Amino acid sequence: MAFDILDAPELVEAEWRELARLPHNSLHQGFDWCCTWWQAEQRTPLIVRGRAEGRTVMLLPLELTTDYGLRIGRFPGERFNNVNSSLTSADFLPLDPKASSRLVEALRKALAPQADLLVLDTMPLSLAGAKSPFHAWMTSEHPDRSFQLPLKASMDETIAQLNAKTRRKRYRQQCRRLEALGGFQHYCPDEASEQHALLDLFFDQKSERLAAAGLPDVFRPPQVRRFFHELIDRSVGARDYPLKLHALRLADEERSIVAISGLSRKGDHVLCQFGSIDDKLCPDASPGELLFWLMIEQACGEGAAVFDFGLGDQPYKRSWCTQDTILYDVLLPLSWKGHLMRPTLAAIGGLKRAIKRNAVLYSWAQRLRSRLVR
């Protein structure tokens, strides 16, 4: 396989969209997701194309950033990606160690003039049953895991995997408390203007809660907000979509929105990108949990196979999920600077992982972070 470097996505749009439709390629490396990010952040695309026998069999969409004095090639989307992958063709066979080494050496040769280090983060060993071509190089476990709930044909069958009796009881209690306030609605508008309005409300809700917790608002930068608004425009009318907003809306005069979630869908995989709540009106009703019930129930009815709660270990995710996926970071040095910094970056990742998996250390780190933000 031979690699070349492109900086114009339109040159490979047809091949890219064809690869992106395959179930073993992550939606975060899809054409719309990557191009929207590059445009919003005003970044120059860096697309690695692998060709064999005259056709494209692998794509690696990247962008260059500068950190620690290094030119680092990484996936577009940064912290807003959940699970990443390279894009490979349907007949891209699992690589033995020798073939994997040849692939990485060819990749290094192609990228060396552009970057000092290639960082491919939050990658699973395999996706939809297909082993990653970087499987042998996944030596650094990512600090966070992702969490999934397999979906069945009905909500009853799905929650049977959990503590179904307790789950149903909580659902009935939540419904009764909201009915006492006049009722509620699972609100997912088709109109782009209403979707944009929900997204702006999500930004407000999230900012308020993060400020109350003393945490930085990662959604505040205008380019990040442009990114998500553009994803909505690219999702209108599509069965598979990069972003669609769902909400729990009260039936009061103000039609108050008390919970919002942003979902992506690719094939039978539904992924939660983010969420927020406004529990001032109904703090005892757990509106966020109720919205998840309604979204999961809808996904079951629409034939989805997996509801993915995304990256990060939170109690509410563990209460819903029966599976978790270990993710890895691949650090490939491309220059002598990259070789020198790789052990340091791997150690930083290991320290983050150790802190997040120790409840006392993580609580202390969160308090320190809060003080620094304030």
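Scope of this entry: the structure provided in the associated data block. None of these values were measured; they are calculated from a predicted model.

Brief notes about the environment of Met123
Here Met123 lies in strand β6 (residues 117–124). Judged by its relative accessible area of 1%, Met123 is buried. Linking Met123 and Asp156, residues 33 residues apart in sequence, is a C-alpha distance of 32 Å. Setting aside its immediate chain neighbours within four residues, Met123 contacts Phe75, Asn84, Ser85, Ser86, Ser132, Phe134, Met138, Ile326, Leu327, Tyr328 and Val330.

Description of the packing of helix α6 (residues 192–213) against helix α7 (residues 222–233)
Remark: α6 packs on α7, axes separated minimally by 10 Å, with the N-to-C direction vectors making an angle of 155°. Between α6 and α7, the angle is such that the two are roughly antiparallel. In terms of crossing hand, the pair formed by α6 and α7 is right-handed. Counted together, Ala192, Gln195, His196, Leu199, Asp200 and Phe203 of α6 and Arg225, Phe228, His229, Ile232 and Asp233 of α7 form the full contact between these two elements. Grouping the constituent residues of the contact of α6 with α7 by class yields 5 nonpolar, 3 polar and 3 charged.

A few points about the sheet that holds strand β11 (residues 184–187)
Taking strand neighbours across the sheet as the criterion, the 7 strands line up as β11-β12-β13-β14-β15-β10-β16 in an open arrangement whose pairing is mixed. A single partner strand is all that each edge strand has here, and the edge strands are β11 and β16 (323–325). Taking each pair of neighbouring strands and ignoring which way they run, the sheet shows an average axis angle of 25°. Pairing analysis gives 3 bridges linking strand β14 (residues 269–277) to strand β15 (residues 306–311), with the strands arranged parallel. Its bridge partner lying in β15, His269 is registered against Val306.

Regarding the side chain of Ser86
Relative to the helices and strands, Ser86 is located in the loop between β4 (70–74) and β5 (87–88). Given a relative accessible area of 3%, Ser86 falls into the buried group. In this structure, Ser86 is in contact with Asn25, Met58, Leu59, Leu60, Met123, Pro133 and Phe134, ignoring residues within four places of it in sequence.

Describing a positive patch on the surface
Among the surface-exposed residues, Lys165, Lys169, Arg172, Arg176 and Arg177 lie close enough to one another that they form a single positively charged patch. Positionally, Arg172 belongs in helix α5 (residues 164–179).

Describing the pattern of salt bridges
For the structure shown, the criterion picks out 22 salt bridges. In this structure, Asp4 engages Arg49 in a salt bridge whose closest nitrogen and oxygen atoms are separated by 2.6 Å. Of this pair, Asp4 sits in strand β1 (residues 2–6) while Arg49 sits in strand β2 (residues 46–52), and the two are 45 residues apart along the sequence. We classify Asp4 as partly exposed; its relative accessible area is 26%. For Arg145, the salt bridge identified is with Glu141, shortest N-O distance 3.8 Å. Classification of Arg145 by relative accessible area gives partly exposed; the value is 25%. Classification of Glu141 as buried rests on a relative accessible area of 19%. Three or more residues joined by partner-sharing salt bridges are found here, namely Glu13, Arg17, Asp32, Glu230 and Arg234.

Notes on the nonpolar core
Trp16, Leu199, Phe219, Phe228, Leu245 and Phe274 are the most contacted members of the largest nonpolar core, which totals 35 residues. Contributing elements (two or more residues each) for this core: α1 (13–20), α2 (31–41), α6, α7, β12 (241–250), β13 (257–266) and β14. Tallying contributions element by element places α2 first for this core, with 7 residues. In this structure, Leu199 is in contact with Phe228, His229, Ile232, Leu245 and Phe274, ignoring residues within four places of it in sequence. Within the second largest apolar cluster, 32 residues are counted, among which are Met155, Leu248, Leu250 and Ala259.

Scoring rules and cut-offs
Residues numbered from 1 in each chain as written. Predicted model: local features only at pLDDT ≥ 70, side-chain atom pairs only at ≥ 80, totals over all residues. Heavy atoms only, no water. Helix = DSSP H or I, 4+ residues; strand = E, 2+ residues; numbered from the N terminus. Buried < 20%, exposed > 50% of the residue type's maximum accessible area, 1.4 Å probe, protein only. Contact = heavy atoms within 4.5 Å. Axes fitted to C-alpha atoms, helices over the stretch in contact; angles between N-to-C directions. Parallel < 35°, antiparallel > 145°, perpendicular 65-115°, else oblique. Left-handed = near helix turned anticlockwise from the far one by under 90°. Nonpolar A, V, L, I, M, F, W, Y, C, P; charged D, E, K, R; others polar. Pairing = 2+ DSSP bridges. Patch = residues over 30% accessible without salt bridge, like charges linked within 9 Å, V, L, I, M, F, W, Y side chains within 5 Å. Areas by Shrake-Rupley, 256 points an atom, 1.4 Å probe, with all protein chains shown as cover. Salt bridge = Lys/Arg side-chain N within 4 Å of Asp/Glu carboxyl O. Lys, Arg positive; Asp, Glu negative; His and termini not counted. Charge placed at Lys NZ, Arg CZ, Asp CG, Glu CD. Core = buried A, V, L, I, M, F, W, Y, C linked by side-chain atoms within 4.5 Å.

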